Amino acid sequence: MTEPRRERALVRPHVVTGGRAHPTRNTFDLATVVVATKTPVAGLSPEKRRMTELCRGGALAVAEIAAHLGLPASVTKVLLSDLVDTGHIVAHATVGSADHADLQLLQKVLDGLRALT
């Protein structure tokens, strides 16, 4: 028996975003964490409504939201930026490990590299 085929999206991505290819704000990367703030979702598109529902359960990364909805990350970023603009969600940049770098370790690496020359 063959595995069931995943259905292709019935609506093209450019239709979902209203023809826009870029978000209104450039604050999203795949690791940006998103949290829902507003419960009223009347008037939102089905995709935006689903995004707010997903984020109501807790913080999710942009990549996770895109995967849950089966949408390209670029489309997801456009829709999320709209939701930030309307106050339905809040986005938080993740704190990378480079922000908490061990200065002593970095100094030892630098000293070791200098010793090689």
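Keep in mind that this is a model prediction, so the values were computed, not measured.

Considerations on helix α3 (residues 62-69)
For step 1, the next point in the chain: Among all positions in α3, only Val62, Ile65 and Ala66 are buried. Buried residues of α3, viewed axially, fall in a sector of 100°; they line one side. Seen from the buried face of α3, the exposed residues on the opposite side, beyond 90 degrees, are Ala67 and His68.
For step 2, the next point in the chain: On its buried face, α3 sits against β1 (33-36), α2 (46-56), β2 (60-61) and α4 (73-85).
For step 3, the next point in the chain: Among the residues trailing α3, Gly70 stands out with phi positive, at a value near 70°.

Focus: the pattern of salt bridges
For step 1, the next point in the chain: Under the criterion given, the structure shown has one salt bridge.
For step 2, the next point in the chain: The shortest N-O distance in the salt bridge between Lys48 and Asp82 comes to 3.1 Å. With Lys48 in helix α2 and Asp82 in helix α4, this residue pair connects regions lying 34 residues apart in the sequence.
For step 3, the next point in the chain: The exposure class assigned to Lys48 is buried, which follows from its relative accessible area of 18%.
For step 4, the next point in the chain: A relative accessible area of 11% means that Asp82 is categorised as buried.

Quick look at the packing of α3 against α4
For step 1, the next point in the chain: Relative to each other, α3 and α4 sit at 110°, their axes nearing to 9 Å. Relative to α4, the element α3 lies roughly perpendicular. Residues Val62, Ile65 and Ala66 of α3 touch α4, and the partners they reach there are Ala73, Thr76, Lys77 and Leu80.
For step 2, the next point in the chain: Here the residues of the contact of α3 with α4 are counted per class, giving five nonpolar, one polar and one charged.

Calculation rules
Residues numbered from 1 in each chain as written. Predicted model: local features only at pLDDT ≥ 70, side-chain atom pairs only at ≥ 80, totals over all residues. Heavy atoms only, no water. Buried < 20%, exposed > 50% of the residue type's maximum accessible area, 1.4 Å probe, protein only. Helix = DSSP H or I, 4+ residues; strand = E, 2+ residues; numbered from the N terminus. Arc of directions from axis to C-beta. Contact = heavy atoms within 4.5 Å. Salt bridge = Lys/Arg side-chain N within 4 Å of Asp/Glu carboxyl O. Axes fitted to C-alpha atoms, helices over the stretch in contact; angles between N-to-C directions. Parallel < 35°, antiparallel > 145°, perpendicular 65-115°, else oblique. Nonpolar A, V, L, I, M, F, W, Y, C, P; charged D, E, K, R; others polar.

Functional significance is not addressed by these values, which are geometric in nature.
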